[in-house]
Amino acid sequence: MTRILVITVLYCPFLFGQNFNDLDKKKIVHVSGSINTSAKFTTNINELNFQNPFTWCVSGQVNVSFLDLQLPFRFSYSNLGTQFTQPTSISSFEPKYKWFQGYFGQTSMNFSKNTISGTPFLGGGIELTFKKVTFKCMAGRTNKAIEANSSEGTTNQYKRIVAAVSTKFQIKKQSIEILLFKGIDLKNSLVHLPLNSEITPKDNFIPEAKMNFIIGKKITLNLNYALSILTNNINIINIEDNVATNNFLFYGNLSTSFNHFIQADLNLSFKNTILSLNYNRIDPNFISLGNFYTNNDLENISIQARLSLFKNKWKIDGKIGVQRNGIKKSSFKTSNLRLALSFKSSVIPYKKGLLSISYNNFTSSSIGKDPTNPDFNPQFDTLRIYSANQNATLTWNTRFGSKSKSQAIIWISTFQEITSFQGNLENNIQLSKPISSDVKPNKILNNSINYSLRSSERNFGFQLGVNHLAQIENQTHFIGPTLSFSKNTKNKQLSFNLASTYNYNYSPLLNSHVLNQRLGLSYKPQFKNEKAGKINLNLTANWSLKIGAMVPRHRVSIFLRVGYSI
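Here we summarise the structure given alongside this text.

Cut-off values and rules
Residues numbered from 1 in each chain as written. Predicted model: local features only at pLDDT ≥ 70, side-chain atom pairs only at ≥ 80, totals over all residues. Heavy atoms only, no water. Buried < 20%, exposed > 50% of the residue type's maximum accessible area, 1.4 Å probe, protein only. Helix = DSSP H or I, 4+ residues; strand = E, 2+ residues; numbered from the N terminus. Salt bridge = Lys/Arg side-chain N within 4 Å of Asp/Glu carboxyl O. Patch = residues over 30% accessible without salt bridge, like charges linked within 9 Å, V, L, I, M, F, W, Y side chains within 5 Å. Areas by Shrake-Rupley, 256 points an atom, 1.4 Å probe, with all protein chains shown as cover.

## Some details on unusual backbone geometry
Positioned with a positive phi, Lys-172 is a non-glycine residue whose angle comes to about 55°. Its relative accessible area of 78% is what places Lys-172 among the exposed residues. Positive phi values are uncommon outside glycine, yet Asn-312 reaches one of about 65°. Among the secondary structure elements, Asn-312 is positioned in the loop between β17 (298-309) and β18 (314-325). We classify Asn-312 as partly exposed; its relative accessible area is 48%.

## Some details on the pattern of salt bridges
A complete count under the given rule lists five salt bridges for this structure. Note that Asp-185 and Arg-160 form a salt bridge whose closest N and O atoms lie 2.7 Å from each other. With a gap of 25 residues between them, Asp-185 in strand β10 (residues 174-186) and Arg-160 in strand β9 (residues 159-171) connect regions that are remote in the sequence. Note on Asp-185: relative accessible area 3%, which makes it buried. Judged by relative accessible area, Arg-160 falls into the buried class, the value being 15%. Asp-283 is paired through a salt bridge with Arg-281; the nearest N and O atoms lie 3.4 Å apart. Taken individually, Asp-283 and Arg-281 each receive the classification buried, so the pair is uniform in this respect.

## Examining a nonpolar patch on the surface
Among the surface-exposed residues, Phe-41, Phe-54, Phe-460, Leu-483, Phe-485, Leu-498, Leu-519, Leu-521, Leu-539, Ile-558 and Leu-560 lie close enough to one another that they form a single nonpolar patch of about 880 Å² accessible area. Among the secondary structure elements, those contributing two or more residues to the nonpolar patch are β25 (474-488), β27 (511-523) and β29 (553-565). With respect to the helices and strands, Leu-498 occurs in strand β26 (residues 494-506).

What follows is the structure, encoded as structure tokens:
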């Protein structure tokens, strides 16, 4: 904890004074905010209800402005709040003053995907934004200490403290950013810890650097490197000197590992063409204690080309790449090799028409490796998996009519083929070669066409959709129209909308009918004195009827929302 506070304090720059030059031209104190109440009622007949029959929530926000200093407060209260420690909570306090932004309370900040990005924490942080320099720092708690309780289904969890600092320099078209992240579990935060527990206190330190360069007018280079120093168990003591390596930045012992993140992107821009070369590598044990999940153990190489012709009326985008998992093969994990190919082309043949074609091919083969087993023989490995997934999509969109009476037709066709095989494959398997004639791919064809009509003069809308789904020998058809009507008063204080949808589902196994009715009302009264605030009332009701092989099933839901703002 001491190391985290020292890093944050030493890295923090001095703050500047406020500007009172325009004191006589602006309001010194200004209060604004809003409060919203909502309630939802749901009931089902002849159908299981997996939702709470009645829910309600009250939430609001109060903004207090002192000159250019903004002090926002947020709160929420609901009937579901009884599941938490307290039903009423003021989650965050985020003052803002010109180049200064503060984060205090239960809040979150974004540094990078390799350190901490959007993870909620209880603590504080600041963000200073100037013309050429941006500085951010934070410190707080992400995880509470939780004792294991079998009756409540909880497991052990150490209290986790994290801190991060970042400085970004912008020099013309170049930028450099340096980040430091520190996370540590407090090993004394748990009182009762079972012997041989798999939950261990961890320590993590990550330095990261990002660099963006624009060379001339045609070349862009982006580089990103991070090093994760992770100690899985800070309770382990080294045998050699009976003490753990404890320095200013990290806590090291026999469970400490050093893992790298490397990303490089090179873009070449020409008149109508952009070429991109991308490389990304993440070591298997690259983990950040500031994020709940980190995607690691992979290596990607890809090439992408984008072409624009005929004044951007014809665009072509193609990409080919290779991804490899199990890059170090240090554990019993399949070493996967994937080949990815994608292509997309869109054409505007006329003013209100669009035709696009896309294709994706994703092929992978996995070969199991177990270095801990000396008797492992690849010839007897039956866990090898070969899979190929390819899909193609054709879309045609055309619009016609006038502004007061517009019409549109959208046609979408999608074809997908999935081939999967498990067995004893050869090591030098060719990804483009079929596996066996006995393997039958799973083919899925989906066609849909929709017609819509909208009349703004009569506030009338009509939509008709037909969908056809074919999978191997099973075929399913969907067809159904939608009618809608809306009406606003002259002063637009009251609005009304009504919609009705009918869907018919046909398949060899089951035929079903679905009828859905929707009603919406919105009322926004206007006060003579605008300073009195604004009120917004919304009512939405929905009734659905399903008729199939079983008895008819009904569902009714009503949603009411009332909001007030000043």
